Amino acid sequence: MATETNPARRIIQLREELEQHNQAYHGSDDPAVSDQEYDQLFQELQQLEAAHPQLKSDLSPTGKVGAPAKNTFQQVRHEEPMLSLANAHSEQDFRDWLKRVNPNNQPMAFTCEPKMDGLAVRLEYRNGVLQRAATRGDGQVGEDVTNNLLTIPEVPRQLNWSRNYKGHPADPEPGSTECPEYLDVRGEVFMTKRSLKEVNVKRIAKGEPELLNTRNAAAGGLRQLDPREARERQLSFYAYSWRNPPARVTGHHQGLQQLQHAGLPTVDRQFHCETVDQVIRQFKQLQQDRQSLDYDIDGMVIKVDDLTTQNQLGNASREPRWAIAWKFPPEGAVTTLLDIEISHGRFGRLTPVAVLSAVQLHGITVRSASLHNEEDIHRKNLRIGDKVVVERAGDVIPQVTRPANPVDTENFPMFQMPADCPSCGQKVTTVPGEVGHWCENDDCPSRLPEQLTHFVGRSCMDIDGLGETWCKLLIEHGLVSNPGDLYHLTREQLLTLPRMGNSMATRILNGIEASRHRPLNKVFYGLGIYRLGRDVSKTLMEVCSSVQQAQQLTVEQLTWLPNIGGTIAEATQRGLQQPRVNHLLERMAAGGAVMAKLPEDRPGYGTVEATNQSAVQAGAARNEEEKRTMEQSTQSRTLNGQTYVVTGKIEGYTRTEVEGLIQQHGGRVASSVNKNVNWLVVGEKAGSKLKKAQQLDIGIMDAKTFFAHVEGRINWPE
Ligand code: IVH
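Quick notes on the rules
Residues numbered from 1 in each chain as written. Predicted model: local features only at pLDDT ≥ 70, side-chain atom pairs only at ≥ 80, totals over all residues. Heavy atoms only, no water. Helix = DSSP H or I, 4+ residues; strand = E, 2+ residues; numbered from the N terminus. Buried < 20%, exposed > 50% of the residue type's maximum accessible area, 1.4 Å probe, protein only. Contact = heavy atoms within 4.5 Å. Axes fitted to C-alpha atoms, helices over the stretch in contact; angles between N-to-C directions. Parallel < 35°, antiparallel > 145°, perpendicular 65-115°, else oblique. Left-handed = near helix turned anticlockwise from the far one by under 90°. Nonpolar A, V, L, I, M, F, W, Y, C, P; charged D, E, K, R; others polar. Arc of directions from axis to C-beta. Pairing = 2+ DSSP bridges. Phe/Tyr/Trp six-rings, centres within 6.5 Å; stacked < 30°, edge-to-face > 60°. Salt bridge = Lys/Arg side-chain N within 4 Å of Asp/Glu carboxyl O.

Asks: What's the story with the overall build of the protein in this structure? I'm lost.
Replies: When its secondary structure is counted, the protein shows 30 helices and 22 strands. A total of 718 residues make up the protein; the buried ones form 51% of that total. Within the protein, contacts between residues separated by at least 24 positions form 67% of all contacts whose residues are at least 6 apart in sequence.

Asks: Hey, could you run me through the packing of helix 15 (residues 448-456) against helix 16 (residues 468-476) in this one?
Replies: Two quantities define a packed helix pair, namely the angle between the axes and the distance from one axis to the other. Running from N to C, helix 15 and helix 16 point in directions that differ by 130°, and their axes come no closer than 9 Å. Overall, the two elements helix 15 and helix 16 adopt an arrangement that is oblique. The interaxial crossing formed by helix 15 with helix 16 has right-handed handedness. Together, Leu 448, Pro 449, Leu 452, Thr 453 and Val 456 of helix 15 and Glu 468, Cys 471 and Ile 475 of helix 16 make up the contact between the two elements. In terms of residue class, the contact of helix 15 with helix 16 is made up of 6 nonpolar, 1 polar and 1 charged.

Asks: Is there a simple way to think about helix 28 (residues 655-664) in this case?
Replies: An α-helical turn contains 3.6 residues, so any two residues separated by three or four positions project in the same direction. Of all the residues in helix 28, the buried ones are Val 658, Leu 661 and Ile 662. In an axial view of helix 28, the angular spread of the buried residues amounts to 100°, which keeps them on one side of the axis. In helix 28, the exposed positions angled more than 90 degrees off the buried face are occupied by Thr 656, Gln 663 and Gln 664. Summarising the contacts, the buried residues of helix 28 are in contact with strand 19 (643-647), strand 20 (668-669) and helix 30 (703-710). Gly 666 lies just past helix 28 and shows a positive phi near 85°.

Asks: Sorry, what's going on with the sheet that holds strand 7 (residues 182-191) here?
Replies: Strand pairing in a sheet relies on backbone hydrogen bonds. The paired strands run either parallel or antiparallel. With respect to topology, 4 strands assemble into an open sheet ordered 5-4-7-8, the strand pairing being antiparallel. Of all the strands in the sheet, the pair left with one neighbour each is strand 5 (129-135) and strand 8 (235-242). Each strand of the sheet is rotated relative to its neighbour by a mean of 35°, with strand direction disregarded. Across 7 bridges, the pairing between strand 7 and strand 8 is antiparallel. Note on strand 8: the bridge partner recorded for Val 189 is Phe 237. Against the sheet, helix 8 (residues 214-222) engages strand 4 (119-126), strand 5, strand 7 and strand 8, with an angle of about 125° to strand 7. Helix 10 (residues 252-261) rests against strand 7 and strand 8 of the sheet, and its axis sits at about 135° to strand 8.

Asks: Even after reading the chapter, I still don't get the sheet that holds strand 10 (residues 297-304), so can you show me in this structure?
Replies: Spatial ordering of the open sheet is given by 2-11-10-3-9, a layout of 5 strands whose pairing is mixed. Of all the strands in the sheet, the pair left with one neighbour each is strand 2 (86-88) and strand 9 (271-273). In this sheet, neighbouring strand axes are inclined to one another by 35° on average, regardless of whether the strands run parallel or antiparallel. The sheet contact formed by strand 10 and strand 11 (residues 323-327) spans 5 bridges and is antiparallel. In the strand pairing of strand 11, Val 301 is matched with Ala 325. Along the sheet, helix 11 (residues 276-289) makes contact with strand 3 (110-116), strand 9, strand 10 and strand 11, crossing strand 10 at roughly 160°.

Asks: Quick question: what am I supposed to make of the packing of aromatic side chains here?
Replies: Remark: the centre distance and the inter-plane angle together describe each pair of aromatic rings, the angle taken between the planes. Inspection of the entire model under this criterion finds 12 aromatic pairs. When the ring of Phe 190 is compared with that of Tyr 238, the centres are 5.0 Å apart and the planes differ by 40°; the resulting orientation is tilted. Taken as a pair, Phe 190 in strand 7 and Tyr 238 in strand 8 lie far apart in primary sequence, 48 residues in all. On the accessibility criterion, Phe 190 (3% relative accessible area) is buried. Both rings, one in Phe 283 and one in Phe 328, keep their centres 5.3 Å apart while their planes meet at 40°; by these two values the pair is tilted. With Phe 283 in helix 11 and Phe 328 in the loop between strand 11 and strand 12 (332-344), the pair connects residues that are 45 residues apart, well separated along the chain.

Asks: Any chance you could explain the pattern of salt bridges here in plain terms?
Replies: Between side chains of opposite charge, pairing is possible as soon as their charged atoms come close. Inspection of the entire model under this criterion finds 26 salt bridges. Between Arg 132 and Glu 124 there is a salt bridge, with the nearest N and O atoms lying 2.9 Å from each other. Assessed through its relative accessible area of 27%, Arg 132 is described here as partly exposed. A residue is classified by how much of its surface remains accessible, and Glu 124, at 8% relative accessible area, is buried. Salt-bridge contacts for Lys 327 lead to Asp 298; the nearest nitrogen and oxygen are separated by 4.0 Å. Note that Lys 327 is positioned in strand 11 and Asp 298 in strand 10, a separation of 29 residues in sequence. Its relative accessible area of 13% is what places Asp 298 among the buried residues.

Asks: Just to check I follow, could you spell out helix 16 for this structure?
Replies: All of the buried residues along helix 16 are Glu 468, Trp 470, Cys 471, Leu 473 and Leu 474. A positive backbone phi angle near 70° is found at Gly 478, which sits one or two residues after helix 16.

Asks: How should the environment of Arg 203 be read in this particular structure?
Replies: Within the fold, Arg 203 resides in helix 7 (residues 193-205). Residue classification places Arg 203 among the buried positions, given a relative accessible area of 15%. Residue contacts for Arg 203: discarding those within four places in its chain leaves Glu 208, Pro 209, Leu 211 and Arg 233.

Right under this line is the structure:
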């Protein structure tokens, strides 16, 4: 099955897969994958979630796995939120930022620092004594990791304020032992490359899995409940910012120097730049030196040095305006392109997939990568047997980008897509003027795995417990040859699958049972018809009370409905007539799937029966008023009938406005958290509702994620 290249879908795929492995592990004591493979998937998910914070979910296995340990750290509310940084990916991005911070091109000094690839922590010193160290968490609330921080030898428990006095302007007055009463220092906990190697030597000797990269190793170290375990990771710390320096400290650079004098390790390789050219030169230099540093960095942070200017610029919602992280372009690894396999999409699209000799890329083992299409392979001149460069753009999905040694490339044959479908033998077709190859056989067996995975997915029949891996196994073992077969599965059959335990079988059977009552739009979408997407499914549900009724609609009638243009109408009409679809519907019905419009799905206007057959035409096309109603009610359903509770303050909105938005976009609003609530939207200063939602395991999303859902930028979760 093809690995999703769309990050949102890949995240869902990974979550399902990991859930299954968790189940297999707990349910049958017989894990389906090795720990290493599990860790790899887990880390891919973590990295994707880190790269796409708007897709984070408290329901994700990444949140759950560490949960027991997490809960036992004390929570720390940051008085001043711990901010993140805006990113620049090019010189242009950097210059755009410059225009914002210095529109009149006044003389301005900057401090450049490596962007450490670790975890942000905050250290609090009172009268020079370390009181507490906390992680960033969500920026508002982090965890108390003082004991683990204290395992870092360079972090002083007691600052020595006058010890290193050298007459620096940032130092206290000569002879004074003055020390600020309260010090809030921010910095990065990280692991050196050397430590990673040393720790791994020990781990291998003990038969423990290797730690894959310094960042995850540091994150894992900081989350150890037992400080002795944290000590074993040999963590390091660099301070990079000081929240409350005394007034005589006027520059960032100067402030860090003072911290250093007081005994704190500060970020290495800071550069004070007086001009923009110096900054750019520094960036190039740092990029060149990157490999030779003993710690991982992924860019350079540029900070306006003058603290008064910093204050004037202030902060945007999650990041200061006075700093930017200029990221390095992705780095590649060289490996052999062993083969190009064909993966089959659920609509018959054939996609080439690179089979690679396993290679480590930023700590992840890469064995395959999507190649998009034949044209792309030719354009990049990628050939089977040749050495190629694999890169992870934005550290996310691996891509094969170019031949490693273009001179050798000519020795290898050019790749051609097969003329016949490798699975059913039917002629492969192309559309003139379009890239892409297709097997047009609706019954081609290679489509089934993707069809089934789609069918059981959240947006369709939402069958709890079933994900890609189980779908594949069900097909391989001949238990399912059509998604409708799911409704005939018995426990005994399920138990014949490898690694299937009783508890997992119960979960799947319960999931199937629950799915017998899914609303009609989900059934429409689950049919897996080309161009019959979510919106069309909703429209069809709103005018039809059964799939059979939709099958009666002509192309013309379909085009009268909202969201449906000519091309979609044709594909939908054709798709609904497929024998495969009829067979699927028969199997579903015979297996007890309801597939009817449930009362709560009825919109504010009539169904086909209620308005009579001709009213589909009249109502949808000629009766403008009714058409408008129809359009309105299908206009925005991005929140899709889910129930939301809002808590805390959401910047720029009153509570009533947020609740209004929820209703406008098809969601429901509840005032208190109970088990019927799907989501808690958390603003600033959330209180008891948050706790309750955590207890009840209700989905929690921050304001940013919420708005992304409202705007339909994330379709997950439904
Ligand atoms: S300054 C208020 N300086 O990058 C400004 N951050 O992507 C806070 N980071 O959460 C950040 N090296 O963990 C700063 N030299 C550096 C840094 C740095 C690494 C991390 C930090 C932050 C993240 C944002």
